[in-house]
Amino acid sequence: MRKRKSSDSSNSDEESVQVAEPPEGIDEDDALFSKSHVNCMRTFFLDQLGQGKASQCLTIFVAAFLTYSYNNVGSKVNVQVSTMTVITIFGASPFCRRHLVPAAIGAFAGGQNIIAATTDNENTIYASNYLWLLLLSVVVGLVWCFVITPFKILDGSGGRLGTTAFIGMNITMLLFFGPLGVVQWERYIFGLYQVVFIAEEDTRMDITNAWEWADEAELAIGYFISVVWLGVSGGAIRIAHNNTHPPEALNNVLVPSLIALISMLLINSAGYKHAYGLYNGFAVGSYVAMASLQKIPTVKKFTLVSCTAAIWGLVLTPFFVGFPGKSGFTAMMGHQTFESIERIVKKWHQQRLAHCRREDQMRRANHSQQHHQEQEALQPAAAAPINHDEAPSTLLHHPHSHKPQRENSVLLKHQRRQQSRLRHYQDQKQGNGPGFDSNSKLQHRGWSATQSDAADGWQHTLESQQDNSNNVV
């Protein structure tokens, strides 16, 4: 024996592996090539066996056969208990781990008892029931292989596998079960004219039996709590493990199914009278917890989606009674409804933010314009440079500008009189203005000594000159 270093260190954490020496006469390279060739062929065969459409349909039928038999043969087991048990068995098997997804779909398809509901003795299982089950499994397999998987319908959504079984059941019901009388058409609205406990599809009661609203409320609350419990616990465990061990994610189908099975066994051991209703709640919650962590990344969202799915479960109680995959369809409706509401709220929030931004921009623009106008009103207008070559009419004047004051506008009255007399005296002295005779005597009316002088009337020299000027033609 000798040690050889691993050729691919990324696929193995070991630094070296022990390899047996080849027999004599056989080349070492040929031995290694043949061994690796065998390993590749085995891996390729297992991958093709798990991915082939025929193998997936076969796995769906086998899982449906086991679930239906476990539920109806011998001492009957609850539908949800048998479903979770088969999923756990397939997930725990090393060989069947590659077939866990189609096995889960088959378990959902076989988790029902409405095929035998039209027989005379429901405790008797006939071979024809398995033929109808085979037909249902084929239809469900075709829906999965040729519709859901290629077009990636509900990819990553909670309840995707159960919805596949539910769609296949409705197609089979419309084409075969309903027209041939295998399943009653009244199953679509069975809860509208028969007494059916909330979320308790396996319980059959006569409509004449007593009914108490206290039991109804108790079962509704218990169902709601069970859905939220499984959805939150399963999602929280997957998120915690993904945060601590990122490369090795937990199986999103096996872990919630195992938690649901343990919860069902605990409730069954307690002997609760409405245990069947809680089982259905655990099933819906586990299907919610199977959603992709990219779709539901937080525990808060798992809680909200679980609450929405629980409300859908209460609403759908009287409809599709006993249909396989109804719990998965309920989980899917809860997940899609939550995502639709989240998109609407997000779009409304974005529109509101955009509207607030526009209003804020308009408010800032109006405030800036108003501030600019106030600044222009407060600041004096800049004086334009005066050009003496331009006409006076082209010069701009402020509307409130004052006229230029005259030179003697601030002089007193007696000062203006003195200036007027001085100018008059200068004009007379130069001979430009009217003068008076220096020999004439200054007289005043009050100075007249005799009556004749007063009667003649005395006139000032200026007055006489004015009279003469008026008489000139």
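Described below are features of the structure shown in this document. In this text, all values refer to a predicted model and were calculated from it rather than measured experimentally.

Parameters and conventions
Residue numbers restart at each chain and count upward from 1, following the sequence in its written direction. It should be noted that, the model being predicted, local features are given only for residues of pLDDT at least 70 and side-chain atom pairs only at 80 or more, the latter also being counted only at that level, while totals for whole chains, interfaces and linings use all residues. Calculated side-chain values reflect all of the structure's heavy atoms, with hydrogen atoms and water omitted. Secondary structure is summarised from DSSP: a helix means a run of H or I of at least four residues, a strand means a run of E of at least two, and numbering begins at the N terminus for each. Burial here depends on accessible area, computed with a 1.4 Å probe over protein chains only, as a share of the maximum for the residue type. Under 20% is buried, over 50% is exposed, and the range in between is partly exposed. The criterion for a disulfide is a pair of cysteine sulfur atoms lying within 2.5 Å. Side-chain atoms within 4.5 Å are what join buried Ala, Val, Leu, Ile, Met, Phe, Trp, Tyr and Cys residues into a set we call a nonpolar core. By definition in these notes, contact holds between two residues if any of their heavy atoms fall within 4.5 Å. One speaks of a salt bridge when a side-chain nitrogen belonging to Lys or Arg is within 4 Å of a carboxyl oxygen belonging to Asp or Glu. The patches reported here contain residues having more than 30% relative accessible area and no salt bridge. Joining distances are 9 Å for like charges and 5 Å for nonpolar side chains (Val, Leu, Ile, Met, Phe, Trp, Tyr). Areas reported here follow the Shrake-Rupley algorithm with a probe of radius 1.4 Å; residue values treat only the protein chains shown as occluding.

1. With respect to the environment of Gly-141
Locating Gly-141 in the fold gives a position in helix H5 (residues 127-148). On the basis of relative accessibility, which here comes to 0%, the residue Gly-141 falls in the buried class. Distance in space between the C-alpha atoms of Gly-141 and Lys-53 is 8.1 Å, their sequence separation being 88 residues.

2. Concerning the state of the cysteines
Here the structure, examined in full by the defined rule, presents zero disulfides. Cysteine Cys-145 remains unbridged, with the sulfur of Cys-57 as its closest cysteine sulfur at 4.1 Å.

3. Some details on the environment of Val-183
Tracing the backbone through its elements, the reader meets Val-183 in the loop between helix H6 (160-180) and strand S3 (195-197). For Val-183, a relative accessible area of 2% translates into the label buried. Distance from Val-183 to Met-173, taken between C-alpha atoms, is 7.4 Å for residues ten residues apart in sequence.

4. A word on the nonpolar core
Core analysis: the largest hydrophobic core is formed by 70 residues, its most contacted members being Met-169, Phe-177 and Phe-323. For this core, the element with the most residues is H5, which contributes nine residues. Those residues within four positions of Met-169 in sequence are excluded, and the remaining contacts are Ile-114, Leu-136, Val-140, Phe-177, Val-183, Phe-323 and Pro-324.

5. What about the pattern of salt bridges?
Here the structure, examined in full by the defined rule, presents five salt bridges. As a salt-bridge pair, Asp-155 and Arg-160 come within 3.6 Å of each other at their nearest N and O atoms. Among the residues examined, Asp-155 registers a relative accessible area of 41% and is labelled partly exposed. Linking Arg-364 and Asp-360 is a salt bridge whose minimum nitrogen-to-oxygen distance equals 3.2 Å. Placement of both Arg-364 and Asp-360 in helix H11 (residues 326-378) is noted, with a separation of four residues, approximately one turn of the helix. When salt bridges with common partners are traced through the structure, they connect Asp-360, Arg-363 and Arg-364 into a single cluster.

6. A short note on a nonpolar patch on the surface
On the surface, a cluster of nonpolar side chains totalling about 720 Å² of accessible area is made up of Leu-131, Leu-134, Val-138, Leu-142, Phe-146, Val-147, Phe-151 and Ile-153. Along the chain, Val-147 turns up in helix H5.

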